Amino acid sequence: MNTQNYNWIVVLIVAAALVVFAIGIIKDAQQNIKDLNSPKNKKPA
Amino acid sequence: MYVADRLPGSCSQRIWCFAISGDRQYIYGSNPTLMRKVNYYEYVWRAFKWTLLNGLLGLAPLIFMCMMNMMSSQDGFSREIHHLIEDGVHLFVCCALMGAVVVDFWLAGIPVAGIRLVFIYLMPVFVLVFLLFEYLLIFLRVAEAGNFYISSTTSLVVIGLSFVYCIFAKASLYANEDKKI
């Protein structure tokens, strides 16, 4: 059986993982921006 | 009341002065982020510099050998350089950088949940497993040893993912450190 036919499964798994990580990066950045700009973290100069 | 304190970890270079007057607290320091609206990209830029400089320091012996090879008339280090790269020394540096960030995050005790947890803690595990599978295949004699050229798929995936991880996770760590104050 030709193993080349199953390469797409690996590609699919890696692509899915990359999408999840990308969403994680974006959500983390959004949360940090939100927290840093909250009134609690704004200090007068 | 006036307190001057030196913060641990990555904040050690900055001296912060706390002046507390009545029920209001003013924070003065060399960090511009607390003086105005916080820009997250400053943390990303700082994390990018951290990753790049640590990567260069980690690869310093290899870079030194390459420089010596370029400057000398003989190819004294050619074999050693090829040997190191084929064995994946650049991938060891990537793993060390990711490890530094994830251990810092863990020791800082910053609470993360959900998809952020997947990004912070599972992304380095994914990259590590991806790399270890390659070594497992070499051990099982399915793959050939010494195939970790810079242009190989494993190298490109590991370098790319670890670079992205280090920049964004370190930026997140910086942001969380500043939030704690």
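Owing to the predicted nature of the structure, the values given are computational and were not obtained by experimental measurement.

> Hey, could you run me through the environment of Val44(B) in this one?
Residues and elements named next belong to chain B. Take Val44: it is sitting in helix H1 (residues 40-58). Classification of Val44 as buried rests on a relative accessible area of 16%. Spatially, the C-alpha atoms of Val44 and Ala169 are 9.0 Å apart, while their sequence positions differ by 125 residues. In this view, Val44 contacts Ile167 and Ala171; residues no more than four positions away in its chain are not counted.

> Where do I start with the environment of Phe105(B) in this structure?
Residue and element names in this part refer to chain B. Its place among the elements puts Phe105 in helix H4 (residues 89-108). Expressed as a C-alpha distance, the spacing of Phe105 and Trp50, which sit 55 residues apart in the sequence, is 15 Å. Residues in contact with Phe105, not counting those within four places in the same chain, are Ile110, Val112, Ile120, Tyr121, Ala169, Ser172, Leu173 and Asn176.

> Quick question: what am I supposed to make of the packing of aromatic side chains here?
The description of an aromatic ring pair uses the distance of the two centres, along with the angle that the planes make with each other. Residue and element names in this part refer to chain B. In total, this model carries seven aromatic pairs over all chains according to the counting rule given. Members of the aromatic cluster, each reached through a chain of ring pairs, are Trp45, Phe48 and Phe163. The residue whose ring lies beneath Arg46 is Tyr174, and the NZ or CZ to ring-centre distance is 4.6 Å. Over the ring of Trp50 we find Lys170, and its NZ or CZ is 4.6 Å from the ring centre.

> So what exactly am I meant to see when it comes to the packing of helix H1 (residues 7-36) of chain A against helix H5 (residues 115-139) of chain B here?
Packed helices, taken two at a time, are described by the angle their axes make and the gap between the axes. Running from amino to carboxyl end, H1(A) crosses H5(B) at an angle of 135°, the nearest separation of the two axes being 8 Å. The angle between H1(A) and H5(B) places the two elements in the oblique class. Crossing of H1(A) against H5(B): the hand is left-handed. Seen from H1(A), the contacting residues are Val14(A), Ala17(A), Val20(A), Phe21(A), Ile23(A), Gly24(A), Ile25(A), Lys27(A), Asp28(A), Gln31(A) and Asn32(A); seen from H5(B), they are Ile115(B), Arg116(B), Val118(B), Phe119(B), Leu122(B), Met123(B) and Phe126(B). Taken together, the residues of the contact of H1(A) with H5(B) sort by class into 12 nonpolar, three polar and three charged.

Rules of the game
- Residues numbered from 1 in each chain as written.
- Chains lettered and ligands numbered in written order.
- Predicted model: local features only at pLDDT ≥ 70, side-chain atom pairs only at ≥ 80, totals over all residues.
- Heavy atoms only, no water.
- Helix = DSSP H or I, 4+ residues; strand = E, 2+ residues; numbered from the N terminus.
- Buried < 20%, exposed > 50% of the residue type's maximum accessible area, 1.4 Å probe, protein only.
- Contact = heavy atoms within 4.5 Å.
- Phe/Tyr/Trp six-rings, centres within 6.5 Å; stacked < 30°, edge-to-face > 60°.
- Lys NZ or Arg CZ within 6 Å of the ring centre and 35° of its normal.
- Axes fitted to C-alpha atoms, helices over the stretch in contact; angles between N-to-C directions.
- Parallel < 35°, antiparallel > 145°, perpendicular 65-115°, else oblique.
- Left-handed = near helix turned anticlockwise from the far one by under 90°.
- Nonpolar A, V, L, I, M, F, W, Y, C, P; charged D, E, K, R; others polar.

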